[in-house]
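# Architecture and fold: a report
Single-letter residue listing:
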Amino acid sequence: MNVSERLKIQRHEVPALDAHHRAQCFEEVAVGFDEKTARAEADRCIQCKRPLCMEGCPVSIDIPGFIRKISEGDFPGAIERIRTTNSLPSICGRVCPQENQCERVCVVGKKGEPVAIGALERFVADFERRYSLPVEGVKVKPSGRKVAVVGSGPAGLTAAGHLAQLGHAVTVFEAFHEAGGVLIYGIPEFRLPKAIVQEEVTKLRTMGVEFALNTLVGRTITIDELLADNYSAVFLAPGAGTPMFMNIPGENLNGVCSANEFLTRVNLMKAFDFPRQQTPVYLGQRIAVVGGGNTAMDAARTARRMGPDKVYIVYRRSENEMPARREEVHHAQEEGVEFLTLTAPTQYIGTEDGWVTAMECQRMELSEPDASGRRRPVPVVGSEFTLEVDTVIVAIGAKTNDLLLHTTPGLEAERKGYLTLDKATGMTSRPGVFAGGDIAGGEATVIAAMGDGRRAAISIDEYVKEK
Amino acid sequence: MAKILVKETLAPNTHYFRIDAPLVARHAKAGQFVILRVDELGERVPFTIADIDPVEGSITLVIQEVGETTRQMGAMKSGDDIRDLLGPLGMPSEIENFGTVVLLGGGFGIAAIHVLAKALHEAGNRVVSIIGSRNKDLLIMEKEMRAVSDEVIVMSDDGSIGRQGLVTEPLKEMLDAGTVDRVCAVGPIPMMRAVGEVTRPYGVKTIVSLNPVMVDGTGMCGGCRVEVGGKTLFACVDGPEFDAHETNFKELIHRTRMFRPMEQRDPDSCRMLQQADVVSQKPAAGADHESRES
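On a predicted model such as this, the values are computed, not experimentally measured, just so you know.

Parameters at a glance
Along each chain, the written sequence defines residue order, and numbers are assigned to residues from 1. Chains carry letters from A onward and ligands carry numbers from 1 onward, assigned in written order. Selection of residues for local features in this predicted model requires a pLDDT of at least 70, selection of side-chain atom pairs for listing and counting requires 80 or more, and totals for whole chains, interfaces and linings are taken over all residues. Computation of side-chain values covers all heavy atoms of the structure but excludes hydrogens and water. Partly exposed residues are those whose accessible area sits between 20% and 50% of the maximum for their type, while under 20% is buried and over 50% is exposed, using a 1.4 Å probe and protein chains only. A run of H or I in DSSP becomes a helix once it reaches four residues, and a run of E becomes a strand once it reaches two; helices and strands are each numbered from the N terminus. Note on contacts: a residue pair qualifies if any of its non-hydrogen atoms lie within 4.5 Å across the two residues. Working convention: axes come from line fits to C-alpha atoms, limited for helices to the stretch in contact. Angles between N-to-C directions cover 0 to 180 degrees. These descriptions rest on fixed angle ranges, namely under 35 degrees for roughly parallel, over 145 for roughly antiparallel, 65 to 115 for roughly perpendicular, and the rest for oblique. Two helices that cross are described as forming a left-handed crossing if the nearer one is turned anticlockwise from the farther one by less than a right angle, and a right-handed crossing if clockwise. Ten residue types, Ala, Val, Leu, Ile, Met, Phe, Trp, Tyr, Cys and Pro, are classed as nonpolar, four, Asp, Glu, Lys and Arg, as charged, and the remainder, Gly among them, as polar. Any two strands between which DSSP finds at least two bridges are classified as paired. For Phe, Tyr and Trp, rings pair up if their centres lie within 6.5 Å, where Trp contributes its six-membered ring, and each pair is then called stacked (planes under 30 degrees apart), edge-to-face (over 60) or tilted (otherwise). Salt bridge criterion: a side-chain nitrogen from Lys or Arg within 4 Å of a carboxyl oxygen from Asp or Glu. Buried area: the sum, over both parts, of the accessible surface (1.4 Å probe) that disappears when the two are put together. The domain limits used here are those given by an automatic or database domain assignment. In protein, a polar contact requires one atom able to donate a hydrogen and another able to accept it; more generally it is a pair of N or O atoms within 3.5 Å, and residues adjacent in sequence count only if both atoms are side-chain atoms.

### Structural notes on helix H15 (residues 259-268) of chain A
Residue and element names in this part refer to chain A. Taking burial as the measure, the 10 residues of H15 include 10 buried ones, the bulk of the element. Residues Ala259, Asn260, Glu261, Phe262, Leu263, Thr264, Arg265, Val266, Asn267 and Leu268 constitute the buried set of H15. Residues of H15 that are buried sit in contact with helix H12 (182-185), strand S5 (242-243), strand S6 (256-258), helix H16 (294-305) and strand S14 (391-394). A positive backbone phi angle near 55° is found at Lys270, which sits one or two residues after H15.

Following this line, the structure appears as structure tokens:
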């Protein structure tokens, strides 16, 4: 097939479950390609000499390479290509914002639609899972070095996988009773089935990675103790920290919670199955989710599935400025989430016994771009109105948790508490202590955290070899 | 997994657990807590650490049966395993030589002031512990409190042990005598609020240990928000101890009843609510000024 023939093939869209059906269940929304569709989509790749898609990928997957293997029908070969740089393909294929990364710069996409790289990655990862292809054992001989990884989210799991492949003895420390971090407590089942995360963790265990659960580094054990206990290096990836609130009146009323709390109760603690599962979650009939990011969409779509009358997204800018993925916004709208954009809450109204009954809002309009490059919302005078709600889920981001800073002498942070890192190596101000993921700032996506984890693993490998 | 080394029943529905947790015991300090989950289906529930033995590698919890998790704990035996135990969590108590410190423990809150009394006593304070319960049978840890206090005053609702009355009564007498430098109270929320109101006119620093609803206990969920001094703080990472004179107790009481709608569907599910109900139905000594006044 020549290039012009390839360019004539239309992009194959990823099928999704019917919106009405999926709004009532937690089944995965995106269905995934079958073999025939995957091969046809793979034929669209023109195998660029200088693949821009790889530059757009935070973990530099050999994208043309794995896609060629798919078009040849060599699916095990395709997964092998991906796994050389990406240890969590079934996760990336689902939650990466490909439209901002590999697919944004895809040459095929210059004139038409880009190759569906994300969907193809997911296809081969699912193929691997379906046929239980054996996980590549660790080939190198043990280095005799111990490395501690703090946090088992995407950055920690990625670093652990790479370090184990390089022959190091890795222990991952996790505060929760289950490994996976945000992949388990944050991202909902319908976007990333928990079984997939558990399989990835099992694979790491097979590779020799150990998991110390119920262990909060900084409290249960300190970094100094780890370094004294023959760990040659430590990778800190504890995640985003504490949820932010707006500090407006009434925010502590019952019925107002953070998206972290709501999602953790439902995802990790399985509160949707209360009372069999003993953790409850409160959800009324009129839900407002405040925020416009992926977490807000996850919370709104999770709430929608639990059967309330109304679910609103309340966001102070317009839909164009929303940080959430287009696909998530689109899915939320299809599922019946109503969007109140250019709207900001100013206070919450409650009953005598402390329950939220309404939120007072203000209409906004967009003015000049701010530091983020997005147009700044300013209140419209006299536009106040009241929205009746009995549940508010606040999803406006997080700030860093300073526990590690307080309990680790010599560890330094910059603005907003993000750890100070050496740009080239990812090492903190403490020799042998590296960091990545949300604690290091950055863009707060799974793939960015994974990119940090991979880079840190390479730096740590060099560091411990020199030691 | 954390093994229960010793379980004893101290009073009806109130149990003592010594639990094998070497890392927790090595790092724990007075005032901190743990979160545990009894089994696969269990809720994550916080408990104040009542004693620490770094040599044995164990911690002590004293648990009153008020909800599903605590009832399951009550049915466990020495040698059983608790599925998940995380800690120590929260900020340690401020321990220094303040002079004379009065500690007040209501009901099973006595267990929580035990570890405080020990630390404050070792720091050179004169420790006066006022412990109260509804009656003689429900009073726990009197002997242990005597071992770590310079003076112990026992109060009971019915006068069946010690003095009859509220724990705040001897406190007020001591405040009037002008001999108190600091006060710490642990017990049901209405009791801690009452202690704060008694000390407020005297301007004596009063610390209370709050135990609101939590999920992770590490600052991630914000479920344990408390308004202190007009600011919202997280009990799990900023606390659990706060200045009683700055704490918004009204909001705290509302927030502990958050899961009432669920509770009505399943009366066994919510620990905090049951705790609140236990308090309002059966006040311990000094436990519920509100219900006594009404």
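### Points about the packing of H16 of chain A against helix H17 (residues 326-334) of chain A
Residue and element names in this part refer to chain A. At a minimum axis distance of 10 Å, the contact between H16 and H17 shows a crossing angle of 25°. One element, H16, and the other, H17, form an angle in the roughly parallel class. Here the hand of the crossing between H16 and H17 comes out left-handed. Contacts between H16 and H17 involve Asn294, Met297 and Arg301 from the first element and Glu328, Val329, His331 and Ala332 from the second. Classifying every residue of the contact of H16 with H17 gives 3 nonpolar, 2 polar and 2 charged.

### Notes on the sheet that holds strand S1 (residues 146-150) of chain A
All names here are of chain A. Reading across from one edge, S3-S2-S1-S4-S16 is the order of the 5 strands in this open sheet, with parallel pairing throughout. Each edge of the sheet is formed by a strand with only one pairing partner; in this case those strands are strand S3 (210-212) and strand S16 (433-435). Put simply, the sheet's adjacent strands are angled 25° from each other on average, direction ignored.

### What to know about the packing of aromatic side chains
Residues and elements named next belong to chain A. Counting across every chain of the model gives 10 aromatic pairs over all chains. Taking the centre distance of 5.7 Å and the plane angle of 75° together, the rings of Phe434 and Tyr463 count as edge-to-face. Linking Phe434 in strand S16 with Tyr463 in helix H19 (residues 446-466), this pair joins segments that are 29 residues apart in sequence. Both residues of the pair, Phe434 and Tyr463, belong to the buried class.

### A look at the sheet that holds strand S9 (residues 338-340) of chain A
Residues and elements named next belong to chain A. With parallel pairing, 5 strands are arranged side by side in an open sheet as S6-S14-S7-S8-S9. Here the strands that pair on one side only, and so sit at the sheet edges, are S6 and S9. Across the sheet, the mean angle separating the axes of adjacent strands is 25° when strand polarity is ignored. Of the strand pairs in this sheet, strand S8 (residues 310-314) and S9 are connected by 3 bridges, and their pairing is parallel.

### What about the pattern of salt bridges?
In this structure the tally under the stated criterion is 48 salt bridges over all chains. A salt bridge links Lys146 of chain A to Asp229 of chain A, with the shortest nitrogen-to-oxygen separation between them at 3.8 Å. With Lys146 of chain A in strand S1 and Asp229 of chain A in the loop between helix H14 (223-228) and strand S4 (231-236), this pair connects stretches of sequence that are 83 residues apart. For Lys146 of chain A, a relative accessible area of 26% translates into the label partly exposed. Here Arg200 of chain B and Glu197 of chain B are joined by a salt bridge, their closest N and O atoms 2.9 Å apart. You can call Arg200 of chain B partly exposed: its relative accessible area is 39%. Each member of the salt-bridge network shares a partner with another, and the members are Arg22, Arg191, Asp298, Arg301, Arg305, Glu328, Glu334 and Glu335 of chain A.

### A few points about the interface of chain A and chain B
Taken together, the 43 residues of chain A in the interface contact 48 residues of chain B. Here chain A and chain B share an interface that buries about 3800 Å² over both sides, 55% of which is from carbon and sulfur atoms. When the buried area of chain A at its contact with chain B is split by residue, Arg219, Asn252 and Gln278 of chain A rank highest and sum to 21% of it. Scanning the region where chain A abuts chain B turns up 1 salt bridge. Arg26 of chain B is the salt-bridge partner of Glu225 of chain A, the closest N and O atoms lying 3.1 Å from each other.

### Regarding the domain arrangement of chain B
Residues and elements named next belong to chain B. Annotation of chain B at the domain level lists domain 1 (2-89) and domain 2 (93-200). A separation of 23 Å is found between the C-alpha centroids of domain 1 and domain 2. Listed by partner, the interface residues are 13 residues for domain 1 and 13 residues for domain 2. When domain 1 packs against domain 2, the two sides together hide about 1100 Å² of surface, and 69% of this comes from carbon and sulfur. Considering only the surface of domain 1 that becomes buried against domain 2, Ala30, Ala50 and Val62 emerge as the three largest contributors, covering 38% of it. Summed over the shared surface of domain 1 and domain 2, the result is 1 salt bridge. A salt bridge links Asp51 to Lys118; the nearest nitrogen and oxygen atoms lie 2.8 Å apart. Taken together, the connections running from domain 1 to domain 2 amount to 3 residue pairs in polar contact (both at pLDDT 80 or more). At the level of secondary structure, the elements contributing two or more residues to the side of domain 1 that touches domain 2 comprise strand S1 (2-11), strand S5 (51-53) and strand S6 (58-64).

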